[in-house]
Amino acid sequence: MDKLNEIQNLYKEYYSYAIKNDLLEVPEGIEYREFGYGYFKKVDNRNISFKDEEEYKNWVLKNAPFHLYKSLSYMEFPDKSGGANKKKVFRREIAFDIDVHKTNKCRHSDDWVCDKCLNAAKEQAIYLIEEFLMPDFGLSKEDLQIAFSGNRGYHIYIKPKDEEIRNIIEHYEKPQRRFFIEYILGKNLNLNKVGSGWRRRLVKEFKKKRIATKQFEKEENWKKIIEKRKNKDKIYSIINETLNKLELDEKVMDDDIRLLRVINSLHGYTGFIVKEIKYKELDNFNPLKDAIFNGFNKKFYNVKIKQKVDKINIGDEIYSTKSKEIPASVLLFLFGHGVDFEIIG
Ligand SMILES: [Zn+2]
């Protein structure tokens with residue numbers, strides 16, 4: 001069986017399902033959006049645009065790319081190459097991209113995934129939402145759009161229900177967007193004058209580590225307090241750890257012509273769905289089950305895996321080098337990771 005042809009058919013099968021069921025994201029203001037796609041690289045091509053929803057959907061059905069992206073920005077000339085000036089960007093969505101490394105509990109190679117690193121990614125998404133976006137920026141769950149990235153991460157879009165606010169933030173210039181992300185990364189945290197958001201977050205961490213917090217809760221000038229403490233090294237290290245908790249891709253906030261994966265497209269490295277998740281479903285979301293297209297669990301292939309691979313747990317099954325029969329979901333994962341295997345039937 002021709003491997004590439006079969007993979008391409010699986011992508012087509014998914015996209016026809018996703019489009020028929022109205023699952024594939026159709027970016028707002030589609031005629032102003034740039035699209036990009038890839039098969040063997042993440043982005044083989046960009047500067048693509050569509051005049052309307054129909055043209056876009058037909059293109060996706062026909063080409064079924066392994067990676068599919070849309071611009072966060074709205075542009076007058078989305079199909080022009082040569083940067084934001086040529087494209088005339090006039091509006092831009094705000095989104096965060098959490099992209100985590102494998103954890104020290106992971107027992108696999110760098111580019112593989114397991115429940116531990118996928119959980120770490122989810123915890124970071126929840127932390128960003130519950131510790132920053134909601135309390136410090138006053139956003140509610142209705143103002144957020146959350147998507148699993150299809151690999152070890154999450155995309156969190158800020159889409160305030162209040163049109164006026166949305167209009168303001170989608171006209172932020174780069175320095176304003178930078179301010180947003182730098183606050184979250186604690187880059188401008190000043191220990192001589194700690195604001196309420198960071199105070200709340202850090203006090204919480206201090207309490208977990210049994211540091212006396214009474215003074216920190218009352219005073220703004222923490223430097224003064226810490227320097228007098230015997231355990232100041234420990235305190236500084238907790239602060240440092242807290243500041244580095246989130247693995248955010250700063251470019252996704254920064255870059256004027258940034259592309260981000262289309263929601264409910266497939267991720268070509270894993271074959272997982274870039275799945276939209278409601279905030280209240282996030283806690284129980286398990287990508288190894290919930291981001292797998294159901295149709296891919298029902299179709300099986302006899303394969304010969306010709307190299308040693310780490311175990312992969314998809315659905316409720318564990319697959320390894322020895323597996324002789326694998327579902328389409330695992331086939332896509334192995335293919336996306338460049339594993340040498342043969343389809344026998
Ligand atoms: Zn892992």
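Residues numbered from 1 in each chain as written. Predicted model: local features only at pLDDT ≥ 70, side-chain atom pairs only at ≥ 80, totals over all residues. Heavy atoms only, no water.

Enquirer: Provide a residue-level description of the nonpolar core, including the pertinent values.
Expert: By size, the foremost hydrophobic cluster in this structure holds 97 residues, and its most contacted members are Phe96, Leu128, Leu133, Ile156 and Trp222. Top contributing element to this core by residue count: helix α4 (residues 115–133), with 10 residues. Once you skip the residues sitting within four places of it in the chain, Leu133 turns out to touch Phe96, Leu128, Gly138, Leu139, Leu144, Ile156, Ile158 and Ile184. (Core = buried A, V, L, I, M, F, W, Y, C linked by side-chain atoms within 4.5 Å. Buried < 20%, exposed > 50% of the residue type's maximum accessible area, 1.4 Å probe, protein only. Helix = DSSP H or I, 4+ residues; strand = E, 2+ residues; numbered from the N terminus. Contact = heavy atoms within 4.5 Å.)

Enquirer: Lay out the sheet that holds strand β2 (residues 45–48) in plain terms, naming residues and giving numbers.
Expert: The strand order β2-β1-β3-β9 describes an open sheet built from four strands, whose pairing is antiparallel. Both outer strands of the open sheet, β2 and β9 (259–261), are each paired with one neighbouring strand and no more. Taken over all neighbouring pairs, the strand axes of this sheet differ in orientation by 30° on average, direction set aside. The sheet contact formed by strand β3 (residues 67–71) and β9 spans three bridges and is antiparallel. Across the sheet, Lys70 pairs through a bridge with Leu260, a residue of β9. (Pairing = 2+ DSSP bridges. Axes fitted to C-alpha atoms, helices over the stretch in contact; angles between N-to-C directions.)

Enquirer: Mind laying out the coordination of the zinc ion, listing which residues take part and the relevant values?
Expert: Surrounding the zinc ion are the protein donor atoms Cys106 (SG), His108 (NE2), Cys114 (SG) and Cys117 (SG), at 2.0 to 2.4 Å. One way to put it: the four donor atoms around the zinc ion meet at angles of 105 to 118°, and that makes the site tetrahedral. All donors to the zinc ion come from one chain, and their sequence spacing reads C-x1-H-x5-C-x2-C. Look at Cys117 and you get buried, because its relative accessible area is 0%. (Donors = N, O, S within 2.8 Å, 3.2 Å for Na, K, Ca; no water. Tetrahedral: all angles 85-135°; square planar, octahedral: opposite > 155°, others 65-115°.)

Enquirer: Hey, could you go over the packing of helix α1 (residues 3–20) against helix α2 (residues 53–63) for me, with residue numbers and the actual values?
Expert: Packing of α1 against α2 brings their axes to within 8 Å, and their N-to-C directions diverge by 155°. Relative to α2, α1 is oriented roughly antiparallel. Here Gln8, Lys12, Tyr15, Ser16 and Ile19 of α1 lie close against α2, whose contacting residues are Lys57, Val60, Leu61, Lys62 and Asn63. Residue composition of the contact of α1 with α2, by class: four nonpolar, three polar and three charged. (Parallel < 35°, antiparallel > 145°, perpendicular 65-115°, else oblique. Nonpolar A, V, L, I, M, F, W, Y, C, P; charged D, E, K, R; others polar.)

Enquirer: Describe the domain arrangement of the protein, naming the residues involved and giving the relevant values.
Expert: Split by domain assignment, the protein resolves into domain 1 (3–183 + 247–290), domain 2 (189–243) and domain 3 (295–343). Facing 24 residues of domain 1, the contacting portion of domain 3 comprises 24 residues. Of the charged contacts, one joins Glu13 and Lys299 as a salt bridge, the two residues approaching to 2.9 Å between their closest N and O atoms. The interface formed by domain 1 and domain 3 holds nine residue pairs in polar contact (both at pLDDT 80 or more) in total. For the side of domain 1 that touches domain 3, the secondary-structure elements that each account for two or more residues are α1 and α12 (287–290). (Domains from an automatic or database assignment. Salt bridge = Lys/Arg side-chain N within 4 Å of Asp/Glu carboxyl O. Polar contact = N/O pair within 3.5 Å; in protein donor to acceptor, adjacent residues only side chain to side chain.)

Enquirer: Just give me the short version of the UniProt feature "active site" (unreviewed entry) in the protein, but keep the residues and values in it.
Expert: The UniProt feature table records "active site" (unreviewed entry) at Asp97, Asp99 and Asp249. Spatially, the listed residues are clustered: although they cover 153 residues, their C-alpha atoms lie within 6.7 Å of one another. Of note, Asp97 is situated in strand β6 (residues 94–99). Those residues in contact with Asp97, other than ones at most four positions away along the chain, are Tyr154, His155, Glu247, Leu248, Asp249 and Val252. Here His155 takes part through its side chain, which lies 3.4 Å from a polar atom of the side chain of Asp97. Within the element layout of this structure, Asp249 appears in the loop between α10 (232–243) and α11 (251–254). Residue contacts for Asp249: discarding those within four places in its chain leaves Asp97, Ile181 and Arg258. (UniProt positions renumbered as here; feature names shortened; annotations may be inferred.)

Enquirer: Please give an account of the packing of α1 against helix α14 (residues 328–336) that cites residues and values.
Expert: Following both chains from N to C, one finds α1 and α14 inclined at 120°, their axes separated by 11 Å at the closest point. Relative to α14, α1 is oriented oblique. Crossing handedness for the pair α1 and α14: left-handed. Contact residues: α1 offers Lys3, Leu4, Ile7, Leu10 and Tyr11, while α14 offers Ala328, Leu331, Leu332 and Phe335. Tallied by class, the residues present in the contact of α1 with α14 amount to eight nonpolar, no polar and one charged. (Left-handed = near helix turned anticlockwise from the far one by under 90°.)

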